[in-house]
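Structural description and commentary
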Amino acid sequence: MRRPRGEPGPRAPRPTEGATCAGPGESWSPSPNSMLRVLLSAQTSPTRLSGLLLIPPVQPCCLGPSKWGDWPLGGSPSTGHVQGLQRLLEQARSPGELLRWLGQNPTKVRAHHYPVALRRLGQLLGSRPRPPPVEQATLQDLSQLIIRNCPSFDVHTIHVCLHLAVLLGFPSDGPLVRALEQERRLRLPPKPPPPLSSLLRGGQRLEAALSCPRFLRYPRQHLISSLAETRPEELTPHVMVLLAQHLARHRLREPQLLEAIAHFLVVQENQLTSKVVQKLVLPFGRLNYLPLEQQFMPCLERILAREAGVAPLATVNILMSLCQLRCLPFRVLHFVFSPGFINYISGTPHALIVRRYLSLLDTAVELELPGYRGPRLPRRQQVPIFPQPLITDRARCKYSHKDIVAEGLRQLLGEEKYRQDLTVPPGYCTDFLLCVGSSGAVLPVRTQDPFLPYPPRSCPQGQAASSPTTRDPAQRVVLVLRERWHFCRDGRVLLGSRALRERHLGLMGYQLLPLPFEELESQRGLPQLKNYLRQKLQALGLRWGPEGG
């Protein structure tokens, strides 16, 4: 009596491991233990074969015709041709016809069709009274189809195909099983990193810690501090560069580690190139930390004098870090502002970034080095330093207080009495700028020139002046947002780039009104923020509204 379609029969015993039926590309000769041998055996009943093919791999897996129609990749099929192809596969009368339906309909084939094809292949091989012939090319082509498309399979489909391939006798070291097994492993959750081995010592232990992805993602200051006890002489430049990059990236102002890097630089001075030195010096400028090592600056000056003409970009990068520390050596400034150096870098791929750095160095000379008498960057070579908000501010804009402060100023002063994200010469982007009259009244920005003259001295460029002066009676007030990520991780010291910007804006004559993140975060809602801004502005003697003009 014919069994209803899809009704499983009794389960047969699992096949013996080590099946030797060849996969695609190999000669096929079923061994006595292979599943294809069992399927082709005249003594094996269709009922037992059907039950064998329905053994679930991990969890119950419904492979019946009516069930697989509900399991396409990405949800239920939206068009009838997907279900139609499934019916054609389920009704195929030979392995060749099965392969033809898959190969001739590439746009209609979905991931769930391949388990249906493998299941139907098993049914055909176990049909009575005589199974259809199986050609080697048919098995090869079917295997290649599955191998080519298995990267798009979901985890469930991969498990089912892998299970059926093993049942059909494909060898465990064959191409099909290997490809499916590889895809299965790729979808496994990543294993947690192993703990640091207690056998690692000195530099090996530090390098292993800094190279661990979890450690890079979640820095731990106490672990770094414990590793700082390793003597720098025992460490390699590669390890110290990893440490320096880690401190700079995560804003970790760890004096013990920074002093260790400075001492390493002094000890290994003759073995270090400027390209390595620029990476070692980076955290000092970024973290606004001048080391106590007495030979730190003399060592850097000797390295720069030796390497300045070899690696121009590395030289300028080192000077940028020293600029943030207010430690620019005059001798190297003479070199980088010389016509020969400027002409040389103009033809290099990094010419624009070097010109931007040289423009910043020229600004630092103008504002902070009144005693410098050497060459300067020509005006035609100068470019805006930071013409837009910094990358970190743009990346964290959704966490910034800028929008709510802007709304508070709009409601408090009116849109015409402040400018947001205005870039002032020589290229510093300001958060909020106000123009204030001599009486303290906040003036409409459109009626005033919001820029203070630059250079801020009346004397010609390159001549010394003790303090910035301006003939403009209107005062410019810059509201400076001090967000959490503008500080080192301890939250007390501004990063070098932020401190440099505020220092230069102040030297150019702008009055700064800092808005620390602790105070901004304590305001609950816009009414409290408006009251906070009102108190801040009134503390400077500012007036606005009908009484302020």
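Residues numbered from 1 in each chain as written. Predicted model: local features only at pLDDT ≥ 70, side-chain atom pairs only at ≥ 80, totals over all residues. Heavy atoms only, no water.

1. A few points about the confidence of the model for the protein
To keep it simple, the criterion reads: The predictor's confidence in any single residue is recorded as pLDDT, a number from 0 to 100. Contacts are residue-level and defined by heavy atoms, with any inter-residue pair within 4.5 Å sufficient.
Residues at a pLDDT of 70 or more form 70% of the protein, whose mean pLDDT is 78. Contacts of residues 1-78 to residues separated by more than four positions or lying in other chains number 135 contacts, the stretch itself having pLDDT below 50. Confidence drops under a pLDDT of 50 for residues 459-471, and excluding neighbours within four residues, the segment shows 24 contacts in the predicted structure.

2. What to know about the nonpolar core
Quick note on the threshold: Here the nonpolar core consists of buried residues drawn from Ala, Val, Leu, Ile, Met, Phe, Trp, Tyr and Cys, with membership extended through side-chain atoms lying within 4.5 Å. The buried label goes to any residue with under 20% of its type's maximum accessible area, the exposed label to any with over 50%, and the partly exposed label to all in between, with areas taken from a 1.4 Å probe on protein chains only. The domain boundaries here were taken from an automatic or database domain assignment.
Formed by 69 residues in total, the largest nonpolar core has its most connected members in Leu265, Leu280, Leu328, Phe337 and Leu358. In terms of domain composition, this core takes at least three residues from each of domain 2 (217-381) and domain 3 (391-456 + 472-540). In this structure leucine 358 touches Val316, Val336, Phe337, Phe341 and Leu377, once residues within four positions along its chain are discounted. Of all hydrophobic cores here, the second largest spans 33 residues; its members include Leu98, Leu162, Leu164 and Leu176.

3. What about helix α22 (residues 402-413)?
Filter applied, for reference: For the purposes of this entry, the term helix denotes a DSSP run of H or I that reaches at least four residues, the term strand denotes a run of E that reaches at least two, and both are numbered from the N terminus. To estimate the expected span of a helix, count its residues, drop one, and scale the result by 1.5 Å. Comment: arc refers to directions from the helix axis out to C-beta atoms.
Between its first and last C-alpha, α22 extends 16 Å over twelve residues, near the 16 Å set by a 1.5 Å rise per residue. Residues Lys402, Val405, Ala406, Gly408, Leu409, Leu412 and Leu413 constitute the buried set of α22. Looking straight down α22, one finds that the buried residues subtend no more than 160 degrees of arc, so they occupy a single side. Residues of α22 that are buried sit in contact with β1 (419-424), β2 (428-436), β4 (475-482), β5 (511-516), α24 (517-521) and α25 (525-539).

4. A word on the pattern of salt bridges
Just so we agree on the cut-off: Salt bridge criterion: a side-chain nitrogen from Lys or Arg within 4 Å of a carboxyl oxygen from Asp or Glu.
One pass over the structure, following the stated rule, counts 16 salt bridges. Aspartate 362 is the salt-bridge partner of arginine 376, the closest N and O atoms lying 2.7 Å from each other. One end of the pair, arginine 376, is in the loop between α20 (351-368) and α21 (391-395); the other, aspartate 362, is in helix α20, and 14 residues separate them in sequence. Each of the two residues, arginine 376 as well as aspartate 362, counts as buried. Between arginine 503 and glutamate 368 there is a salt bridge, with the nearest N and O atoms lying 2.4 Å from each other. A residue pair is termed long-range when its members are at least 10 positions apart, and arginine 503 in helix α23 (residues 496-507) and glutamate 368 in helix α20 qualify at 135 residues.

5. Thoughts on α20
Across its 18 residues, α20 extends 25 Å between first and last C-alpha, which sits within 8% of the 26 Å expected from 1.5 Å per residue. The complete set of buried residues in α20 reads Ala351, Val354, Leu358, Ser359, Leu360, Leu361, Asp362, Thr363, Ala364, Val365, Glu366 and Leu367. The secondary structure elements touched by the buried residues of α20 are α17 (312-324), α18 (330-336), α19 (339-346), β2 and α23.

6. A look at the pairing of β1
Our working rule: Only strands joined by at least two bridges in the DSSP assignment are considered to pair.
Where β1 meets β2, five bridges bridge the pair, whose relative direction is antiparallel. Paired with threonine 423 across the strands is cysteine 429, a residue of β2. Two successive antiparallel strands, β1 and β2, enclose a turn made up of three residues, where glycine 427 displays a positive phi of approximately 135 degrees.

7. Examining the packing of aromatic side chains
What counts, and what does not: Two rings from Phe, Tyr or Trp (for Trp, the six-membered ring) form a pair when their centres are within 6.5 Å of each other. A pair whose planes differ by under 30 degrees is stacked, one over 60 is edge-to-face, and the rest are tilted.
Counted under the stated rule, the structure contains six aromatic pairs. Consider the rings of tyrosine 114 and phenylalanine 153, whose centres lie 5.4 Å apart with planes at 35 degrees: the pair is tilted. Of this pair, tyrosine 114 sits in helix α6 (residues 113-125) while phenylalanine 153 sits in the loop between α7 (136-149) and α8 (155-167); the two residues are 39 residues apart in sequence, bridging distant segments of the chain. The interplanar angle of 65 degrees and the centroid separation of 5.6 Å between the aromatic rings of phenylalanine 487 and phenylalanine 517 together place this pair among those described as edge-to-face. One end of the pair, phenylalanine 487, is in the loop between β4 and α23; the other, phenylalanine 517, is in helix α24, with 30 residues separating them in the sequence. According to the relative accessible area criterion, phenylalanine 517 is buried, its value standing at 5%.

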